[in-house]
Amino acid sequence: SAVISQKPSRDICQRGTSLTIQCQVDSQVTMMFWYRQQPGQSLTLIATANQGSEATYESGFVIDKFPISRPNLTFSTLTVSNMSPEDSSIYLCSLIGLGQETQYFGPGTRLLVL
Amino acid sequence: SQQGEEDPQALSIQEGENATMNCSYKTSINNLQWYRQNSGRGLVHLILIRSNEREKHSGRLRVTLDTSKKSSSLLITASRAADTASYFCATFNAGNNRKLIWGLGTSLAVNP
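Here is a short report on the structure shown in this document. (Residues numbered from 1 in each chain as written. Chains lettered and ligands numbered in written order. Predicted model: local features only at pLDDT ≥ 70, side-chain atom pairs only at ≥ 80, totals over all residues. Heavy atoms only, no water.)

## Considerations on the overall build of chain B
1) Next: Within chain B one finds zero helices and 11 strands.
2) Next: Traced from its N-terminal end to its C-terminal end, chain B shows the element sequence β-β-β-β-β-β-β-β-β-β-β.
3) Next: Over its C-alpha trace chain B gives a radius of gyration of 13 Å, about what one expects of a compact globule, namely 13 Å for 112 residues.
4) Next: Dimensions of chain B, computed from C-alpha atoms along their principal axes, come out at roughly 45 × 25 × 20 Å.
5) Next: Going through the 112 residues of chain B one by one, you find that 44% of them count as buried. (Helix = DSSP H or I, 4+ residues; strand = E, 2+ residues; numbered from the N terminus. Rg over C-alpha atoms; globule rule 2.2 N^0.38 Å. Buried < 20%, exposed > 50% of the residue type's maximum accessible area, 1.4 Å probe, protein only.)

## Quick look at the sheet that holds strand β8 (residues 75–80) of chain A
Residue and element names in this part refer to chain A.
1) Next: Taken in spatial order, the four strands of this open sheet run β1-β3-β8-β7, and their pairing is antiparallel. At either margin of the open sheet sits one strand with a lone partner, and together these are β1 (4–7) and β7 (68–72). Strand-to-strand, the axes of this sheet are offset by a mean angle of 15°, without reference to chain direction.
2) Next: Pairing between strand β3 (residues 19–25) and β8: six bridges, direction antiparallel. The residue bridging threonine 20 from the neighbouring strand is threonine 79, located in β8. (Pairing = 2+ DSSP bridges. Axes fitted to C-alpha atoms, helices over the stretch in contact; angles between N-to-C directions.)

## Details of a nonpolar patch on the surface
All names here are of chain A.
1) Next: Together, Ile12, Leu112 and Leu114 make up a nonpolar patch on the protein surface, roughly 290 Å² of accessible area in all.
2) Next: Looking at the secondary structure, you find leucine 114 in the segment after β11 (109–113).
3) Next: On the accessibility criterion, leucine 114 (49% relative accessible area) is partly exposed. (Patch = residues over 30% accessible without salt bridge, like charges linked within 9 Å, V, L, I, M, F, W, Y side chains within 5 Å. Areas by Shrake-Rupley, 256 points an atom, 1.4 Å probe, with all protein chains shown as cover. Salt bridge = Lys/Arg side-chain N within 4 Å of Asp/Glu carboxyl O.)

## Digging into the packing of aromatic side chains
1) Next: A complete count under the given rule lists seven aromatic pairs over all chains for this structure.
2) Next: Residues Phe33(A) and Tyr35(A) carry aromatic rings whose centres are separated by 6.5 Å and whose planes lie at 50° to one another, so their mutual orientation is tilted. Like Phe33(A), the residue Tyr35(A) is buried in the burial classification.
3) Next: Members of the aromatic cluster, each reached through a chain of ring pairs, are Phe33(A), Tyr35(A), Phe105(A), Tyr35(B) and Trp102(B). (Phe/Tyr/Trp six-rings, centres within 6.5 Å; stacked < 30°, edge-to-face > 60°.)

## Regarding the pattern of salt bridges
1) Next: Scanning the model with the defined rule gives five salt bridges over all chains in all.
2) Next: The salt bridge partner of Lys65(A) is Asp87(A), with a shortest N-O separation of 2.7 Å. Of the two residues, Lys65(A) is situated in the loop between β6 (56–57) and β7 and Asp87(A) in the loop between β8 and β9 (89–97); the sequence distance between them amounts to 22 residues.
3) Next: Residue class for Asp87(A) comes out buried when judged on its relative accessible area of 5%.
4) Next: Linking Glu101(A) and Arg50(B) is a salt bridge whose minimum nitrogen-to-oxygen distance equals 2.6 Å. One end of the pair, Glu101(A), is in the loop between β9 and β10 (103–105); the other, Arg50(B), is in strand β5 (residues 43–50), on a second chain.
5) Next: We classify Arg50(B) as partly exposed; its relative accessible area is 35%.

## Brief notes about the state of the cysteines
Where two cysteines share a covalent bond between their sulfur atoms, that bond is called a disulfide.
1) Next: The final tally for this structure, using the stated rule, is two disulfides over all chains.
2) Next: The disulfide partner of Cys23(A) is Cys93(A), and the S-S distance across this bridge is 1.9 Å. The sign of the -60° torsion about the S-S bond sets the Cys23(A)-Cys93(A) disulfide as left-handed. With Cys23(A) in strand β3 and Cys93(A) in strand β9, this residue pair connects regions lying 70 residues apart in the sequence.
3) Next: Using a relative accessible area of 0% as the deciding quantity, one classes Cys23(A) as buried.
4) Next: Across a sulfur-sulfur distance of 1.9 Å, Cys23(B) and Cys89(B) are joined as a disulfide pair. Around the S-S axis, the bridge from Cys23(B) to Cys89(B) shows a dihedral of about 65° and counts as right-handed. Note that Cys23(B) is positioned in strand β3 (residues 19–24) and Cys89(B) in strand β9 (residues 85–93), a separation of 66 residues in sequence. You'll find Cys23(B) and Cys89(B) in the same group, each marked buried. (Disulfide = S-S within 2.5 Å.)

In structure tokens, the structure reads:
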């Protein structure tokens, strides 16, 4: 299984600022995803991070609010822009490895916006 | 979008008892997977069952799948306090672009 690291692990941010979350994988993977999980809720897919091209966003999520980069097969970033308290969530990086069907998850970034 | 619905939403049992969680879904699937999440951390894959399988075992876990009823169950036998976590089902739908569709989760508390 792949080893996934995310940073920061947690942060407290002020309204109106932006935070960039990094996801690093120790092996090449086919697909990388970013999820949001609000307190006590299930996972909501934000977007699929595509290598070298624009991410594919799910309904309700836009690039201006959640810009995503994936410059290579093992690294991706998610930025939460112009934050409001409603953005307080856990943000999870996830991936599917080559030839696999299961998803592996990073430890998550716990974000609190004041 | 969330299509899976787990029940119960919350379950509290004593150590040593069995825990059963159910998941229903709405569309045709390629496979159904169960994941565990400890206290707001990342999710861990537990078990995958394919659409042509009816039952699968892994250690103390037993998963069943009934495609006619579009439902699955996860049984944890001889539960331990360390099994306390949230459990999510997720489906790979037939014909989709490999996105998992997630259920709402069951919060399990195993009391020592």
